[in-house]
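Read off the chains here:
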Amino acid sequence: MEKPILKPKYFLTTPIYYVNARPHVGHTYTTIVADTIARYKRMRGYDVVMLTGTDEHGQKVERSAKAAGVAPQQFADTIAAQYQRLWEELDLHVDRFVRTTELRHERAVHRLVGQAQSHTPGCIYKGHYEGQYCVFDELYVDDPAPNAPCPDCGRPTERIREENYFFRLSAFQDRLLEHYEKHPQFIQPETRRNEVIAFVRGGLRDLSISRTTLKWGIPWPEDDRHVIYVWYDALTSYMTGIGYGDDELQWEHYWPADLHLIGKEILRFHAVYWPAFLMAADEPPPKTIFAHGWWLFEQEKMSKSRGNIQLPQPIARVLGIDALRYFLLREMVFGQDGNFSREALVNRYNSDLANGLGNFASRTLAMIERYFGGEIPTPLGEEKISNRDITFKGFVEGDLAEIPDFYESYQFSRALERIWALIAEVDKYLVIQHPWSLAESEVTAENERLQTILWTAAEALRIVTVLAHPVIPHATEKIWQQLGQNGKLADQQLDQLQWGQLRPGTRIGKTEAIFPRVDKDEAVERIETMEQEMRQPSAAKTVATTASAAQGPSRISIEDFAKVDMRVGQVKSAERVAGADKLLKILVDVGDEVRQVVAGIAEVYKPEDIVGRKVIVVVNLQPRKLRGVESNGMIVAASVPPDGKPVLAGFLEDVPVGSRLK
Ligand code: ME8
C-alpha cells in the first residue's frame, strides 16, 4: 500500500480579541494577514491551522456588561458572535476559534499552571502586591505617587494592597536572553527584537498573576478566592485551540506555534512573559512572534477608546472583500504604522484593481474572445519569438523567484508592488505590440505574431493570478475560471508554477468585470453612510424592527433553517447540576462524538430515566456555561402550556444515532 504523504504543519495565530467592544479594521487587519499567510502556506503544501478567538474575562468586560444591563457571559456571547460572523462574512478561514470562557480553556490554563509548578518548583509563589492601581485598565502602575495617572488612560490611580500569586519572571532573564540570541527569528521585525532585548537586559520583576479583587475570570486552581489574571489566561488560548491537555496527538503535532501575529502594543507579553511561562512548564516557545504596527486614523491609533474606528463591513460591502484585503496589505508596510483613509482606499481601488488588474484581465480575455473565438492561441516557436517577448519572459521568471520570498518574509506590500509592476510591464508590452492593429492585417506573419502576443499576455495573467491569490483570493479565483483553467486556484502549488504552462487551445470561460470602476465621492459617501448606520441603528430601522415584531413571528428562509444542525443523539449519562433545581448535565452521543449538554429538564426527568433515550440535539450552537458548567449543544423539547413544562422530542421508529434532521 502506498504511504500517505504527510504535509509539514504550520500553526499560526492572531491575538484573541477582547470582547468589550465590536471588531474594527485594526482587528480585521491582523486576521486578514493571518488568512493571507495561511493561504500562501497552503499553496506551498503545508497543513495549516489558523487560530483566533476572543478574550472574555476581566473587569472591562464585567463593566461593559453591567453598562449594557446583561450578565458578563451574555455580553461576551454577543461580541464573540460578532467576531465569528465578521470572519465568516469576510471569508477568513478560521480553523480554531477559542473563547476563554470555554471549559476546555479553563482546563488548559489549570494544567499549564500545574505543569509549571511541578516542573519548576517555586516559580509560582504567594505574595502581596502593594501600590497604585488603575481600575479602568486593571493595571498595576509603577509610579508610587498617590493618584499617579495611569500611563495608558490617564485616569487617577488608587492605592491597593492585595494578596496575589506571583510568577518568578526575574529568574528567567538569562534563559530568555539566551533564547533571543540563539533564535534570531523569534522576535520580528528586527527593531522590535532589539527593544525587547534591551528591556530584558534592564532586569525583570516578578509578575502578579492573580487577583482577589476581580470576580469575572478563571478561578485559581484549588484557591478560588483568586482568579487568574489576564496573561496566563489569554496566552494559554493558543494551546487550548490545538488540544493541550485534551487531545495529546493533536497538541504534539501542532505545538510549538510557527507564528504568533500581534500588534506591537502586546509584544512584551508575548516575547517575555509567554516564553517564560512555557519554559517554566518545560514546553517549547513559539518559533516566531511578529509584532506589526498600528493603523492610525486621523493621526491617532485606531481604537475603541478613542472612538476613531473604521468598521470593515462597509468597505467589504461597497468595494468587495478583496479590495479591503488588498488595501490593508498594500498600503501598510508590514511592521510599520499606516494611515487609514477612505479616500486613499478608493483611489487604490480604482488605480490598482479596476484600472490595473481588472483592466488587464478583461482586455486580454476580450481580445482572445474576439480574435480567436475564445480559444487560447498557440505561441509560435522560439525562433519566431521577438526580443521583446524574451525580455518579458525573463522578467516574469525573475518575479517567480522573488515574489514567494517576499511572502515568506512577510513583506506583503513589496510582493504586491512587484506583481503590479509586472501588470504595468504587460500593459507596456501590449501598447508597444498593439495587437489590435495586427488583427486587422491580412498578412499571415502578422496574424501569427498576434497569436504569440495574446498567448504571452494570457500566460502573464495566469501567473499574476496565482501569485496574487493569497491576498485577493476571490478575484483571482474568478480570473482563473475565466482563463478556462482546471481545478481550483487555491489548490495550485506555488513551487510548481512556471512560465509556459498555459495550454494553447484552452477554451476561456465567461468573462465579466472583476473590479468595476467606482465614482470616488460616491463610494466614500456610501462607506461613510453605512458606517454610521452600523454604529447606531437609525430611527427608521428601529421602527421597522418593532413594526415587524408586532406582526407576529417573522418568516425565515429555508437557508436560515438549514443553518441549524440537528442530530439524533443518545443519552450516555446524566446527573443533576449542583445548586440548580432545573438543570441536568448530560453526556450525549451524537454520532461522531460525545457531547456535554446542560438541559433545563430536571424538574420533569430524573437522570436515570433518560439514560439510553434517543433525543434530538442542536449540535452547532455556540458553547455556553450554565451555572459554571459548559453546554455544547441543546436538547430539543416541547414547552408545554400553561407553565412551559419540557417534554423531550423523539421518534416512534428506531433511528440511528448521528442522523441529521432536515
Ligand atoms: O490586546 N492597528 O485584544 P484587543 C493594527 N485580548 N492592529 C490593531 C489595531 C490597530 N489600530 N487595533 C487592534 C488584546 N489591532 C488581548 C490580546 S492575545 C493572547 C490577547 C489588533 O482586542 C492587533 O493585532 O485589544 C492588536 O494586537 C490586537 O488587535 C489587540 O486586540
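Residues numbered from 1 in each chain as written. Predicted model: local features only at pLDDT ≥ 70, side-chain atom pairs only at ≥ 80, totals over all residues. Heavy atoms only, no water.

Student: What should I look at first to understand the site of the ligand in this one?
Tutor: Around the ligand there are 24 residues in total, and I16, T30, D55, E265 and W295 lie nearest to it. With respect to the ligand, the side chain of D55 contributes an N or O atom lying 2.8 Å from a nitrogen atom. Within the contact set of the ligand, a nitrogen atom lies 2.8 Å away from a backbone nitrogen or oxygen of W295. Burial of the ligand by the protein chains amounts to 96% of its free accessible area of 670 Å². Of all elements in the fold, only β1 (9–18), α1 (25–42) and α7 (231–240) reach the threshold of two or more residues within the shell around the ligand. (Near = heavy atom within 4 Å. Polar contact = N/O pair within 3.5 Å; in protein donor to acceptor, adjacent residues only side chain to side chain. Areas by Shrake-Rupley, 256 points an atom, 1.4 Å probe, with all protein chains shown as cover. Helix = DSSP H or I, 4+ residues; strand = E, 2+ residues; numbered from the N terminus.)

Student: Explanation requested: the sheet that holds strand β12 (residues 259–263) in the structure shown.
Tutor: Two strands in a sheet stick together by hydrogen bonds in their backbones, pointing the same way (parallel) or opposite ways (antiparallel). The six strands are arranged β3-β2-β1-β12-β13-β7 in an open sheet whose pairing can be described as parallel. The open sheet terminates on both sides in strands that have one partner only, identified here as β3 (96–99) and β7 (187–188). Here two bridges tie β1 to β12, and the two strands are oriented parallel to one another. Counted as the bridge partner of T13 is H260 from β12. (Pairing = 2+ DSSP bridges.)

Student: Before we go on, may I ask you to explain the packing of aromatic side chains in this structure?
Tutor: How two aromatic rings sit relative to each other is given by the distance of their centres and the angle of their planes. Following the criterion strictly, the structure yields 37 aromatic pairs and no others. With a centroid separation of 5.2 Å and 25° between ring planes, the pair formed by Y40 and Y407 is classed as stacked. Here the residue Y40 occupies a position in helix α1, and Y407 occupies one in helix α13 (residues 387–408), the gap between them amounting to 367 residues. Pair check on accessibility: Y40 and Y407 agree, each one buried. Seen from their ring centres, W251 and W255 are 5.3 Å apart, and the 15° between their planes marks the pair as stacked. Of the two residues, W251 and W255, both sit in the buried class. (Phe/Tyr/Trp six-rings, centres within 6.5 Å; stacked < 30°, edge-to-face > 60°. Buried < 20%, exposed > 50% of the residue type's maximum accessible area, 1.4 Å probe, protein only.)

Student: When you look at a negative patch on the surface in this model, what are you seeing that I'm missing?
Tutor: Where like charges cluster on the molecular surface, the negative patch consists of E343, D519, D521, E522 and E525. It is helix α18 (residues 520–535) that contributes the most residues to the negative patch, three residues altogether. Relative to the assigned elements, D519 resides in the loop between α17 (473–482) and α18. (Patch = residues over 30% accessible without salt bridge, like charges linked within 9 Å, V, L, I, M, F, W, Y side chains within 5 Å. Salt bridge = Lys/Arg side-chain N within 4 Å of Asp/Glu carboxyl O. Lys, Arg positive; Asp, Glu negative; His and termini not counted. Charge placed at Lys NZ, Arg CZ, Asp CG, Glu CD.)

Student: For this particular structure, what's the right way to read the sheet that holds strand β15 (residues 300–301)?
Tutor: Taken in spatial order, the three strands line up as β15-β14-β16 in an open sheet, and their pairing is mixed. Two strands lie at the open edges of the sheet, namely β15 and β16 (338–340), each paired on one side alone. Pairing between strand β14 (residues 295–297) and β16: three bridges, direction parallel. By the bridge assignment, W295 is partnered in β16 with G338.

Student: Explanation requested: the packing of helix α10 (residues 312–319) against α18 in the structure shown.
Tutor: Relative placement of two packed helices is described by the angle separating their axes and the distance separating the axes. Running from N to C, α10 and α18 cross one another at 140°; their axes reach a closest spacing of 9 Å. Between α10 and α18, the interaxial angle falls into the category oblique. Helix-helix and strand crossings are classified by hand; for α10 and α18 the assignment is right-handed. For the pair α10 and α18, the contacting residues are Q313, P314, I315, R317, V318 and L319 in the first and A523, R526, I527, M530, E531 and M534 in the second. Of the residues that constitute the contact of α10 with α18, the class distribution is eight nonpolar, one polar and three charged. (Axes fitted to C-alpha atoms, helices over the stretch in contact; angles between N-to-C directions. Parallel < 35°, antiparallel > 145°, perpendicular 65-115°, else oblique. Left-handed = near helix turned anticlockwise from the far one by under 90°. Contact = heavy atoms within 4.5 Å. Nonpolar A, V, L, I, M, F, W, Y, C, P; charged D, E, K, R; others polar.)

Student: How should I be thinking about the environment of H110 in this particular structure?
Tutor: Its place among the elements puts H110 in helix α4 (residues 103–119). Measuring from C-alpha to C-alpha, the distance between H110 and Q250 comes to 19 Å, with 140 residues separating the pair along the chain. With near-sequence residues (within four places) excluded, H110 lies in contact with I218, P219, W220, P221 and I228.

Student: Where do I start with the nonpolar core in this structure?
Tutor: Note on soluble globular proteins: their nonpolar side chains tend to be buried together. Of all hydrophobic cores here, the largest spans 110 residues; its most connected members are L12, I37, L261, L319, L357, I419 and W420. Here this core gets 13 residues from one element, more than from any other, and that element is helix α16 (residues 444–468). Not counting residues within four places of it along the chain, the set of residues in contact with W420 comprises Y326, D352, L353, G356, L357 and I472. If you look at the next biggest cluster of nonpolar residues, it comprises 59 residues, including L112, I187, L235 and A281. (Core = buried A, V, L, I, M, F, W, Y, C linked by side-chain atoms within 4.5 Å.)

Student: Any chance you could explain a nonpolar patch on the surface here in plain terms?
Tutor: Together, I556, I558 and F561 make up an exposed nonpolar region whose accessible area comes to about 320 Å². As for its position among the elements, I556 is in the loop between α19 (539–550) and α20 (558–562). Taking relative accessible area as the criterion, I556 reaches 57% and is therefore assigned exposed.

Student: I tried to follow helix α14 (residues 412–433) on my own but got confused; where do I start?
Tutor: The periodicity of an α-helix, 3.6 residues per turn, causes residues three or four places apart in sequence to face the same way. Over its 22 residues, α14 runs 32 Å from end to end, which matches the ideal 32 Å to within 8%, given 1.5 Å per residue. H434 sits one or two residues past α14 and shows a positive phi near 25°. (Expected span 1.5 Å × (residues − 1).)

Student: It is not clear to me how the confidence of the model for the protein should be interpreted in this structure. Could you clarify?
Tutor: If pLDDT is low for a region, its predicted coordinates should not be looked at in detail. Averaged over every residue, the pLDDT of the protein is 91; residues scoring 70 or more account for 96%. Counting contacts from residues 538–553, a segment whose pLDDT is below 50, to residues more than four positions away or on other chains yields three contacts. (pLDDT = per-residue confidence, 0-100.)

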